[in-house]
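Secondary and tertiary structure notes
Read off the chains here:
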Amino acid sequence: MKKKIGILILFPLIISMYGCGASQDTSTTTTTSTTTTSTTSSTSTTTSSTTTTTVDAKIFTVYFVDVGQGDAVLIKTNAGAGILIDSGPSDASNKLINFIDSLGISYLAGVFLTHPHEDHYGEMKDIIKKYPIGGFYFTNYPSPNSSYLELMNELVSCHVNTKEVDNDNSGLINNVNWDIYCPTHEGFINTSSDVNDNSMVIKFYNADKTDLLIGGDIEISGISHLLSNMPTSNALDVELLKINHHGSSNGTNQAFINATTPKDAFICVGAGNSYGHPDPTTLNLLSTNGINVYRTDLKGNITVSVNGTSYSITTSK
């Protein structure tokens, strides 16, 4: 059974350091009170009213943000908060932050970093400085990169509540459920790319079990271990799949498609990138399996509006 992690909140400290996101009340219940005191009597009359905002547990919106050659996926909950998965490369700041602001999101209830590669965390420092963050989730796999160490220090400086997670964790953020299926706590070593194969594989879903799976840059070695350690045969069965590793040839195979059975797939990739992503073999695999493909290099920002068991997809191009 997965270990449940409740939504994390900012430490109860006043953030006085310049550049850090301020604390914010995220309650969906508002109480107002009005007090009237008579001028001719010592008797006071108090009227109170309570208004509760109902949040539909079946509605959320997913945005695959066009940040060039990198990953940035944003979920807007029906309560108005954001859940961010990766931030794209370091030159994507204006695109990502401007996009978040355009949606009216001022609070990130959860931020997930799939793995410590710069094209996935390059703008995390700017995000941390600008927005209050309920919780920052990351894997235990280390990185010696100075920019990654700076990110870890920024989290400490801004008093962001952090949590290392592995394949035994799950939680709930504003009625959006999440389960983590990879990596193992020990981590993978001696694969073709240990950093990629230790990517967080995370599923988000609503009360009607409309699912989105995001696997960072996990490659074939990590996928093989992932598929052999599923708690149930249909644990990874989803409607929406973010294709691993920007559509590279070693990020998706038929076994993975058989396990996930997506209807629609999304590739976060930069136009004309030097890696040749997405690879033609991956695109052919998706086509052969009858999966609709949406690419940020061709379609720009991609929006998936989830309402219960149904959803609709729109693009900016």
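Not measured: the values here are computed from a predicted model.

So, how was this worked out
Residues numbered from 1 in each chain as written. Predicted model: local features only at pLDDT ≥ 70, side-chain atom pairs only at ≥ 80, totals over all residues. Heavy atoms only, no water. Buried < 20%, exposed > 50% of the residue type's maximum accessible area, 1.4 Å probe, protein only. Helix = DSSP H or I, 4+ residues; strand = E, 2+ residues; numbered from the N terminus. Arc of directions from axis to C-beta. Pairing = 2+ DSSP bridges. Disulfide = S-S within 2.5 Å. Salt bridge = Lys/Arg side-chain N within 4 Å of Asp/Glu carboxyl O. pLDDT = per-residue confidence, 0-100. Contact = heavy atoms within 4.5 Å. Expected span 1.5 Å × (residues − 1).

On to helix α6 (residues 220–228). Among all positions in α6, only Gly222, Ile223 and Leu226 are buried. Projected down its long axis, α6 carries its buried residues within an arc of 100°, all on one side.

With that out of the way, let us pick up the pairing of strand β18 (residues 310–315). In the sheet, strand β17 (residues 302–307) pairs with β18 via 6 bridges, with the strands oriented antiparallel. Within the sheet, the bridge partner assigned to Asn307 lies in β18 and is Ser310. Where β17 folds back onto β18 in an antiparallel hairpin, the turn is made up of 2 residues, including Gly308, whose phi is positive at roughly 70°.

A few words on the state of the cysteines. Here the structure, examined in full by the defined rule, presents 1 disulfide. Each sulfur of the disulfide joining Cys20 and Cys158 lies 2.0 Å from the other. Since a negative S-S torsion denotes a left-handed disulfide, the Cys20-Cys158 link at about -75° is left-handed. With Cys20 in the loop between β1 (3–5) and β2 (29–37) and Cys158 in the loop between α4 (146–157) and β9 (162–164), this residue pair connects regions lying 138 residues apart in the sequence. You can call Cys158 buried: its relative accessible area is 3%.

Right, let's talk about the pattern of salt bridges for a bit. The full count for this structure, using the stated rule, is 5 salt bridges. Close ionic contact of Asp208 with Lys58 constitutes a salt bridge, the shortest N to O distance being 3.8 Å. Within this pair, whereas Asp208 is found in the loop between β12 (201–205) and β13 (211–214), its partner Lys58 is found in the loop between β3 (44–52) and β4 (59–64), the two being separated by 150 residues in sequence. With a relative accessible area of 36%, Lys58 lands in the partly exposed category. In this structure, Lys125 and Glu150 form a salt bridge, with 3.6 Å as the shortest nitrogen-oxygen distance. Taken together, the residues span a long stretch of sequence, with Lys125 in helix α3 (residues 124–130) and Glu150 in helix α4 at a distance of 25 residues.

Within the protein, residue pLDDT values average 86, and 84% of them lie at 70 or more. Note on residues 23–51: pLDDT under 50 across the span, and 30 contacts to partners over four residues away in sequence or across chains.

A few words on α4. Between its first and last C-alpha, α4 extends 16 Å over 12 residues, near the 16 Å set by a 1.5 Å rise per residue. Elements in contact with the buried residues of α4: β7 (108–113), α2 (118–121), α3, β8 (136–138) and β9. Following α4 by one or two positions, His159 has its phi on the positive side, about 55°.

As a further point, take unusual backbone geometry. Cys182 connects to Pro183 through a cis peptide bond whose omega is 10°. Of note, Pro183 is situated in the loop between β11 (176–182) and α5 (194–197). Of the consecutive residues His277 and Pro278, the connecting peptide bond is found in the cis state with omega at -5°. Phi angles above zero are rare outside glycine, and Asn190 is one such case at about 65°. Residues other than glycine seldom take positive phi values, yet Lys209 does so here, at roughly 65°. On the secondary structure map, Lys209 appears in the loop between β12 and β13.

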